[in-house]
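Close look at the chain arrangement
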Amino acid sequence: IAAIPNGVPRAAQAEPDPVHVLQVQDLCKTYVSGGSLFKRGREVVAAHHVNFELRRGQTLGLVGESGSGKSTVGRCIVGLAPFESGRILFRGRNLMSGTALRQQAKGKIQMVFQDPYASLNPRHRIGPTLAAGPIAQGVPKAEAMARAMELLKLVGLGPEAADRFPHEFSGGQRQRIGIARALAMEPELLVADEPVSALDVSVQAQVLKLFAEVRERFQLAMVFITHDLRVAGEMCDHIAVMQRGQVVEYGPTAEVLASPQHPYTRTLIDAIP
Ligand code: ADP
Ligand code: MG
C-alpha cells in the first residue's frame, strides 16, 4: 500500500548495525512486591541474564509456561518496564542510552497484546484510534486517516469498521484491529504477546496467517510470545525457551524441535498433542 513504503526506513539514516534489528544482552529484571519503608518486599526474578537477537524479517518465538518471564522480556523491549541491568539494542543503538533515542524508537517498536480489548479505548471509534498514533508523531490528520483505512483493508476489515466502536467486533476482529494499530506506526519490530491465546481455535489460525502476511509484506522482525510450542513451531524461525526467568534453550526452530538440549524443552515438546 502506497502510504507505507514496505516498512523500510525512509531516510537514508546511517545504520549502526545493518544486520540486527534487536539485540537483548544480559537482560535482568526483578520485581519487588509487598515491601514498605522498613521492610524490603518479596523479590521475583522475572528475567535473569536473557540473551537473544533478531534480524530483519525474522521471527523469534519466546516460549515457556506461565510465569516464566516472557511478558516481562517483551515489556522491557517495548519500554513498558524498566530493568536493572543488561542492554537492549535496536538497530545497534542502546535504547537505554537516552530518553530521546527511546522516544525516537518508540513508534518503530510496537506491541500487540493478548487482549486488544484492554488496550482499545471503548469510547473511541476505530478509525480515529488507528490514526491517533501517527497524528501524535506529526503525520497530517487526513494522511493518518487514509492510512487507517488502508490498514483496515489490509487486515481484512471493511471501511465501515472505521466508524464502529471496539465492542462491536469479535475477538478475532479486535486482534486484527490491534495489528492494524501497530502497523499504523510503520514499525520495524513487533512484539506480540500471546496474540491468539484468547481466541477460538478456528480464529487462531486466521490471525496467525495475518501475522505471517504482514511480517512478509513489511519485512518485520517479530518477537512472538506464546506458551504454545506448536504455534511457535509454525510461526518462528528461531525459538528461545524460558524457564523461571532464564533462557534455557535457544536456536533455530527445526533444531530445537528435532534435538532439544534441555530437559524442559523435551517436556514442552512431549506436551504437544
Ligand atoms: P509470563 O509472561 O511468562 O507468564 P511474566 O513475565 O508475566 O511471565 O512473569 C514472570 C514473573 O514475574 C512471575 O513470577 C510473575 O508473577 C512476576 N511478575 C510479573 N509482573 C509482575 C509485577 N508487576 N509485579 C510483581 N511480580 C510480577
Ligand atoms: Mg505473559
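The name recorded for the protein in an unreviewed UniProt entry is ABC transporter ATP-binding protein, from Acidovorax benzenivorans. Checking UniProt for the protein, the heading Sequence similarities (unreviewed entry) contains the comment "Belongs to the ABC transporter superfamily." Quoted straight from UniProt, the Subcellular location (unreviewed entry) entry for the protein says "Cell inner membrane".

1. What about the overall build of the protein?
When helices and strands are counted, the protein shows 10 helices and 10 strands. Against the compact-globule benchmark of 19 Å for 273 residues, the protein has a radius of gyration of 19 Å, which places it among compact chains. Counting only C-alpha atoms and orienting by the principal axes, one finds that the protein spans roughly 50 × 45 × 45 Å.

2. Details of helix 7 (residues 201-218)
A rise of 1.5 Å per residue sets the reference length of helix 7, with its 18 residues, at 26 Å; its end C-alpha atoms lie 26 Å apart and thus fit the reference within 8%. Along helix 7, the residues classified as buried are Val207, Phe211, Val214, Arg215 and Phe218. Each buried residue of helix 7 lies within a common arc of 105° when the element is viewed along its axis, so the set occupies one face. In helix 7, those exposed residues whose orientation departs by more than 90 degrees from the buried face are Ser202 and Glu216. On its buried side, helix 7 packs onto strand 3 (59-63), helix 6 (171-183), strand 7 (189-193), strand 8 (221-226) and helix 8 (229-235).

3. Quick word on the site of ligand 1
Inspection of the region around ligand 1 gives Tyr31, Ser33, Val44, Ala46, Gly64, Ser66, Gly67, Ser68, Gly69, Lys70, Ser71 and Thr72 as its neighbouring residues. The set of elements that each furnish at least two residues to the shell around ligand 1 consists of strand 1 (20-33), strand 2 (42-55) and helix 1 (70-78).

4. Focus: the sheet that holds strand 10 (residues 246-252)
Taking strand neighbours across the sheet as the criterion, the 6 strands line up as 6-7-8-3-9-10 in an open arrangement whose pairing is mixed. The open sheet terminates on both sides in strands that have one partner only, identified here as strand 6 (109-112) and strand 10. Sheet twist, expressed as the average angle between the axes of neighbouring strands with direction ignored, equals 15°. Two elements, strand 6 and strand 7, share 4 bridges in a ladder whose sense is parallel. Of the residues in strand 7, the one forming a bridge with Ile109 is Leu189.

5. Some thoughts on the sheet that holds strand 5 (residues 93-94)
The strand order 2-1-4-5 describes an open sheet built from 4 strands, whose pairing is antiparallel. Of all the strands in the sheet, the pair left with one neighbour each is strand 2 and strand 5. Pairing of strand 1 with strand 4 (residues 85-90), which is carried by 5 bridges, proceeds in the antiparallel orientation. Within the sheet, the bridge partner assigned to Gln25 lies in strand 4 and is Arg87. In this fold helix 1 packs onto strand 1, strand 2 and strand 4, with an angle of close to 115° to the strand it touches most, strand 1.

6. Some points on the confidence of the model for the protein
The predicted model of the protein averages 89 in pLDDT, with 90% of residues at 70 or higher. Every residue in residues 1-13 scores below 50 in pLDDT, and together they form 16 contacts with partners more than four places removed in sequence or on other chains.

7. Brief notes about unusual backbone geometry
Look at Asp26: it is not a glycine, yet its phi comes out positive at around 55°. Tracing the backbone through its elements, the reader meets Asp26 in strand 1. Classification of Asp26 as exposed rests on a count of 12 C-beta atoms within 10 Å. Unlike most non-glycine residues, Glu186 shows phi in positive territory, near 50°. For Glu186, the location among the structural elements is in the loop between helix 6 and strand 7. For Glu186, a count of 23 C-beta atoms within 10 Å puts it in the buried group.

8. Comments concerning the environment of Lys153
Looking at where Lys153 falls in the secondary structure, it is placed in helix 5 (residues 141-154). Lys153 sits in the partly exposed class, given 14 other C-beta atoms within 10 Å. Lys153 sits 15 residues away from Gly138 along the chain, and the two C-alpha atoms are 23 Å apart.

9. Notes on helix 1
Among the 9 residues that make up helix 1, 7 are buried, leaving the element largely enclosed by the rest of the structure. Of all the residues in helix 1, the buried ones are Lys70, Ser71, Thr72, Val73, Gly74, Cys76 and Ile77. Phi turns positive, to about 90°, at Gly79, one or two residues after helix 1.

Definitions and limits used
Residues numbered from 1 in each chain as written. Chains lettered and ligands numbered in written order. Predicted model: local features only at pLDDT ≥ 70, side-chain atom pairs only at ≥ 80, totals over all residues. UniProt positions renumbered as here; feature names shortened; annotations may be inferred. Helix = DSSP H or I, 4+ residues; strand = E, 2+ residues; numbered from the N terminus. Rg over C-alpha atoms; globule rule 2.2 N^0.38 Å. Expected span 1.5 Å × (residues − 1). Buried ≥ 20, exposed ≤ 12 C-beta atoms within 10 Å, placed from the backbone. Arc of directions from axis to C-beta. Contact = placed C-beta atoms within 7 Å. Near = placed C-beta within 6 Å. Pairing = 2+ DSSP bridges. Axes fitted to C-alpha atoms, helices over the stretch in contact; angles between N-to-C directions. pLDDT = per-residue confidence, 0-100.

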